[in-house]
Amino acid sequence: MRYFVVFLWLFSLSITAQNEIRNQKVNGVVYDDGSSQTLANVHIINLNSVRGTITNEKGYFEIDVAVNDTLHLSIVGFQSLRVRVTNDWIKSKNTQIRLTEKAVALEEVVVTPYNLTGYLQVDAKLIPVKENYRYGISGLPYGYEAGEYSPNAFSRVLGSIFNPTDMLYNFFGKKPRELRKLKEMKKDDTVRNLLASKFDRETIAVMLGVDKKEIAEILERCNYSESFIKTANDLQVLDAINDCYEEYRILKKK
């Protein structure tokens, strides 16, 4: 009994120490490296705890961290930056971080509408009628296009479970920890608002440890249409990947 009490005491000390480590904070000011002006509305996400914050009008931010956590900083028009939390930063609390403006080269945009002839019977055959499907995204008051209710969606995900060479089989099988973090991202309002305003897939790619191009392939394998893949914001993409993964897990258990 005495040993059991000692064990509980040591265990409680360990938990308390871990909480104290996790509850540490760092703060800093984010600057434009070119103009040396402070940057407001920079999104900072702790990739380890999956919590976020935003810089204020003076470029200042504060966030909960532990040593060796990685912070991901992003804002439209600037190169994103990942910064590791060190003991020095925690002790000094404040630091300056500089972001570099992106050099954006505008590309020609070519709009290619359907080549309609003006004859109803001909045009009806030219326009695809089974390309998009309706989908319910949490937090949205209206339906959205997606793939899980489309023809063959079930059989496609099911087929991935038994095919070791399939892209989904390898992705879902090797990334359970990252996918759980992706689900946690939705619990933080700052992170949700960031994802709802972005369309570049960068934050999701960083969380999953994949190339941004692979996200399009994942969605395509989950039977989402090209229209959804190109137009959905990052929050909708996160929901889509989460739902596909949950379906995968259920089918695998069965």
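Enquirer: Outline the state of the cysteines, listing residues and values.
Expert: Using the criterion set out here, one finds one disulfide in the structure. There is a disulfide in this structure between Cys222 and Cys244, and the S-S distance comes to 2.0 Å. Torsion about the S-S bond of the Cys222 and Cys244 cystine: about -90°, corresponding to left-handed handedness. Pair noted here: Cys222 is in the loop between helix H9 (212-221) and helix H10 (226-231) and Cys244 is in helix H11 (residues 234-253), with a separation of 22 residues, a long-range link.

Enquirer: Tell me about the confidence of the model for the chain, and name the residues and values.
Expert: In this model, the chain carries a mean pLDDT of 77, and residues with pLDDT of at least 70 account for 66%. The low-confidence segment residues 4-9, where pLDDT is below 50, has zero contacts with residues more than four positions distant or belonging to other chains. In the model, residues 130-152 has pLDDT below 50 throughout and makes 49 contacts with residues more than four positions away in sequence or in other chains.

Enquirer: Give a description of the packing of helix H5 (residues 167-174) against helix H6 (residues 176-184) that names residues and reports values.
Expert: Their axes nearest at 5 Å, the elements H5 and H6 cross at an angle of 75°. In terms of orientation, H5 and H6 fall into the roughly perpendicular class. Contacts between H5 and H6 involve Phe171, Phe172, Gly173 and Lys174 from the first element and Pro176, Glu178 and Leu179 from the second. Considered class by class, the residues forming the contact of H5 with H6 number four nonpolar, one polar and two charged.

Enquirer: Got a sec to walk through the environment of Leu194? Specific residues and values, please.
Expert: Inspection of the secondary structure puts Leu194 in helix H7 (residues 189-197). On a C-alpha basis, the gap between Leu194 and His43 in space is 7.1 Å, while along the polypeptide they are 151 residues apart. Beyond its immediate chain neighbours, meaning those up to four positions away, Leu194 contacts His43, Ile45, Ser74 and Thr203.

Enquirer: Give me the packing of H6 against H11: which residues, what numbers.
Expert: For the pair H6 and H11, the least separation of the axes is 10 Å and the interaxial angle reads 130°. One finds that H6 runs oblique with respect to H11. Note that H6 runs across H11; the crossing there is left-handed. Listed contacts from H11 to Pro176, Leu179, Leu182 and Lys183 of H6 are Leu238, Ile241, Asn242, Tyr245 and Glu246. Partitioned by chemical class, the residues of the contact of H6 with H11 number six nonpolar, one polar and two charged.

Enquirer: Pulling in residues and values, what's your account of the nonpolar core?
Expert: Phe172, Leu182, Ile204, Leu219 and Ile241 are the most contacted members of the largest nonpolar core, which totals 35 residues. Elements represented by at least two residues in this core include exactly H5, H6, H7, helix H8 (202-208), H9, H10 and H11. Broken down by element, the residue count for this core peaks at eight residues, all from H11. In this view, Leu219 contacts Tyr224, Phe228, Ile229, Val237, Ala240 and Ile241; residues no more than four positions away in its chain are not counted. Ranked by size, the runner-up nonpolar core spans 18 residues in total, among them Leu39, Val42, Phe61 and Val83.

Enquirer: I'd like a rundown of H5, residues and numbers included.
Expert: Of all the positions in H5, only Met167, Leu168, Phe171 and Phe172 are classed as buried. Buried positions in H5, seen along its axis, are confined to an arc of 105° and lie on one side of it.

Enquirer: Now, about the pairing of strand S3 (residues 51-54): what can you tell me, with residues and values included?
Expert: For a regular strand, side-chain orientation follows a simple rule: the groups alternate between the two sheet faces. Direction of pairing for strand S2 (residues 43-46) relative to S3: antiparallel, over a ladder of four bridges. Its bridge partner being in S3, Ile44 is matched across the sheet by Thr53. Counting the residues that bridge the hairpin from S2 to S3 gives four residues, and of these Val50 lies at a positive phi of roughly 55°.

Enquirer: Go over the sheet that holds strand S1 (residues 24-32) with me, naming the residues and quoting the values.
Expert: Judged by pairing direction, the sheet is mixed, and its three strands sit side by side in the order S4-S1-S7 without closing on themselves. Strands with a single pairing partner mark the edges of an open sheet, and in this sheet they are strand S4 (60-65) and strand S7 (96-99). Each strand axis lies, on average, 40° off the axis of its neighbour in the sheet, ignoring direction. Two elements, S1 and S4, share six bridges in a ladder whose sense is antiparallel. If you follow Lys25 over to S4, its bridge partner there is Asp64.

Rules and cut-offs
Residues numbered from 1 in each chain as written. Predicted model: local features only at pLDDT ≥ 70, side-chain atom pairs only at ≥ 80, totals over all residues. Heavy atoms only, no water. Disulfide = S-S within 2.5 Å. Helix = DSSP H or I, 4+ residues; strand = E, 2+ residues; numbered from the N terminus. pLDDT = per-residue confidence, 0-100. Contact = heavy atoms within 4.5 Å. Axes fitted to C-alpha atoms, helices over the stretch in contact; angles between N-to-C directions. Parallel < 35°, antiparallel > 145°, perpendicular 65-115°, else oblique. Nonpolar A, V, L, I, M, F, W, Y, C, P; charged D, E, K, R; others polar. Left-handed = near helix turned anticlockwise from the far one by under 90°. Core = buried A, V, L, I, M, F, W, Y, C linked by side-chain atoms within 4.5 Å. Buried < 20%, exposed > 50% of the residue type's maximum accessible area, 1.4 Å probe, protein only. Arc of directions from axis to C-beta. Pairing = 2+ DSSP bridges.

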